[in-house]
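# A structural walkthrough
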Amino acid sequence: RLAGLCGTNMTEMKALFQRTNLLEEWPGRDPSGEGDSFPRYLAEKRVPDVLENVFGQGMCLQRMILLGRRVGTCFIQSRVDWFAWHLLKWKTKKGHSTDIWTCIVPHPSGTARWWNEEENLRKAESFWRDQTDIARHFSKCFECVRYDEDSTTLEGPPLRPEAKDFPCGIEKRGALW
C-alpha cells in the first residue's frame, strides 16, 4: 500500500526512504484480534537506540515519518494531528544536538478505519507523493542536501515545497511535480 501511495514501486521506495522497525521482533497478534500487539514499554525503551541508529550517523535529511499513532506517541508524547510536522530535539551519544522534523501518519496496514474514507486516501496519497518527490530530488541534488543540513525553520519542512524552497534553482530545470 505504501509504495502505491508514493506513486512508485517497492524497489524505488526502499532506495528513497530509510526504514526501521521500532520493535526488534514481531510481538504477535493483539488478543482482541484487531491487528498486531504493541508492547509500548518495549517500544519506548527502543526510541533512543532507533534515533541513534538512524540520525546519529550524521544523516543529512533530519526528517522522520512515523507510521501509526502507537509508534508516533513513543516519540511525540502529546496527541497530534496526522501529517502535522513537529520538531523533536535530540542529543546523540556523542553529545551533538540535532533537530528532527517528525510527522505521524496513519499506519498503512489498513486495519485502521481511517483508511475507509476516500478523502483520507487522497490526503495520504498527496502527502506521500510529495515526500517521494522531495526524496527523489534530495537523492540527486548535492546542493540541496547541504542546504537541508543547515536549514531549520520554525514552521517545519513544507508539506508541498515550491521551487523557491530549493537553493539549486530547480525552477530552471523544470518543476518536479
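Residues numbered from 1 in each chain as written. Predicted model: local features only at pLDDT ≥ 70, side-chain atom pairs only at ≥ 80, totals over all residues. Heavy atoms only, no water.

### A few points about the sheet that holds strand 3 (residues 97-105)
In plain terms, the rule: Paired strands, in this sense, are two strands between which DSSP finds at least two bridges. Numbering of helices and strands runs from the N terminus; a helix is a DSSP stretch of H or I covering at least four residues, while a strand is a stretch of E covering at least two. Only C-alpha atoms enter the line fits that serve as axes; for helices the fit covers just the stretch in contact. Angles between N-to-C directions range over 0 to 180 degrees. We call two residues in contact whenever any of their non-hydrogen atoms come within 4.5 Å of each other.
Spatial ordering of the open sheet is given by 1-3-2, a layout of three strands whose pairing is mixed. Looking at strand neighbours, the two that pair on one side only are strand 1 (63-67) and strand 2 (85-91), the edges of this open sheet. Between one strand and the next, the sheet's axes are offset by a mean angle of 35°, whatever the strand orientation. Direction of pairing for strand 1 relative to strand 3: parallel, over a ladder of five bridges. Residue pairing for strand 3: Met-64 is matched across the bridge by Thr-102. Sitting on the sheet, helix 3 (residues 40-55) touches strand 1, strand 2 and strand 3, and the angle it makes with strand 2 is about 90°.

### Examining unusual backbone geometry
Basically, it comes down to this: A simple rule labels every residue: compare its accessible area, found with a 1.4 Å probe on the protein chains alone, to the largest value its type can have, and call it buried under 20%, exposed over 50%, or partly exposed in between.
In this structure, Phe-83 is a non-glycine residue whose phi angle is positive, near 70°. Mapped onto the elements of the fold, Phe-83 is located in the loop between helix 4 (69-75) and strand 2. Take Phe-83: its relative accessible area is 6%, and that puts it in the buried class.

### Some remarks on the confidence of the model for the protein chain
The condition that has to hold: pLDDT runs from 0 to 100 and stands for how confident the predictor is about each residue.
Counting all residues, the mean pLDDT for the protein chain is 76, and 75% of those residues have values of 70 or more. Across residues 158-164, confidence stays below pLDDT 50; counting only partners more than four residues off in sequence or on other chains, it has 16 contacts. Taken together, the stretch residues 169-177 has pLDDT below 50 and engages in 13 contacts with residues farther than four places along the chain or on a different chain.

### Focus: the packing of aromatic side chains
Put simply, the test is: Two aromatic rings, drawn from Phe, Tyr or Trp (for Trp, its six-membered ring), form a pair once their centres lie within 6.5 Å of each other, and the interplanar angle then sorts them: stacked below 30 degrees, edge-to-face above 60, tilted otherwise. Whether a charge sits over a ring comes down to the Lys NZ or Arg CZ being within 6 Å of the ring centre and within 35 degrees of the ring normal.
Scanning all chains against the criterion turns up seven aromatic pairs. Centre to centre, the rings of Phe-83 and Phe-127 are 5.0 Å apart; their planes meet at 55°, and the pair counts as tilted. Separated by 44 residues along the polypeptide, Phe-83 in the loop between helix 4 and strand 2 and Phe-127 in helix 5 (residues 118-140) bring together distant segments of the chain. Aromatic side chains Trp-85 and Phe-127 sit 6.2 Å apart centroid to centroid with 35° between the ring planes, which places their arrangement in the tilted category. Taken together, the residues span a long stretch of sequence, with Trp-85 in strand 2 and Phe-127 in helix 5 at a distance of 42 residues. Classification of Trp-85 as buried rests on a relative accessible area of 11%. Feature note: the residues Phe-17, Trp-82, Phe-83, Trp-85, Trp-114, Trp-115, Phe-127 and Trp-128 constitute an aromatic cluster, connected by ring pairs. The ring of Trp-115 is capped by Arg-1, whose NZ or CZ atom sits 4.5 Å from the centre of that ring.

### Let's talk about the environment of Gly-68
Considering the arrangement of structural elements, one finds Gly-68 in the loop between strand 1 and helix 4. C-alpha separation for the pair Gly-68 and Trp-82, spaced 14 residues apart in sequence, amounts to 9.2 Å. Setting aside residues no more than four positions away along its own chain, Gly-68 makes contact with Trp-82, Ile-104, Val-105, Pro-106 and His-107.

### Quick word on the pairing of strand 2
Both strand 2 and strand 3 contribute to a ladder of seven bridges, which runs antiparallel. Bridge pairing links Leu-87 to Trp-101 in strand 3. Joining the antiparallel neighbours strand 2 and strand 3 is a turn of five residues, in which Gly-95 adopts a positive phi near 90°.

### Structural notes on the pattern of salt bridges
Between side chains of opposite charge, a pair can form when the charged atoms approach closely. The following threshold applies: A pairing counts as a salt bridge when a side-chain nitrogen of Lys or Arg comes within 4 Å of a carboxyl oxygen of Asp or Glu.
Here the structure, examined in full by the defined rule, presents five salt bridges. Its salt-bridge partner being Glu-44, residue Arg-40 comes within 2.7 Å of it at the nearest N-O pair. Highlighted residues: Arg-40 and Glu-44, both in helix 3, separated by four residues, approximately one helical turn. Residues Asp-133 and Arg-136 are paired through a salt bridge, measuring 3.5 Å at the closest nitrogen-oxygen approach. Separated by three residues within a single helix, Asp-133 and Arg-136 lie in helix 5, roughly one turn from each other. A residue is classified by how much of its surface remains accessible, and Asp-133, at 13% relative accessible area, is buried. Given the relative accessible area of 23%, Arg-136 is considered partly exposed. Salt bridges sharing common partners tie together Glu-12, Asp-133 and Arg-136.

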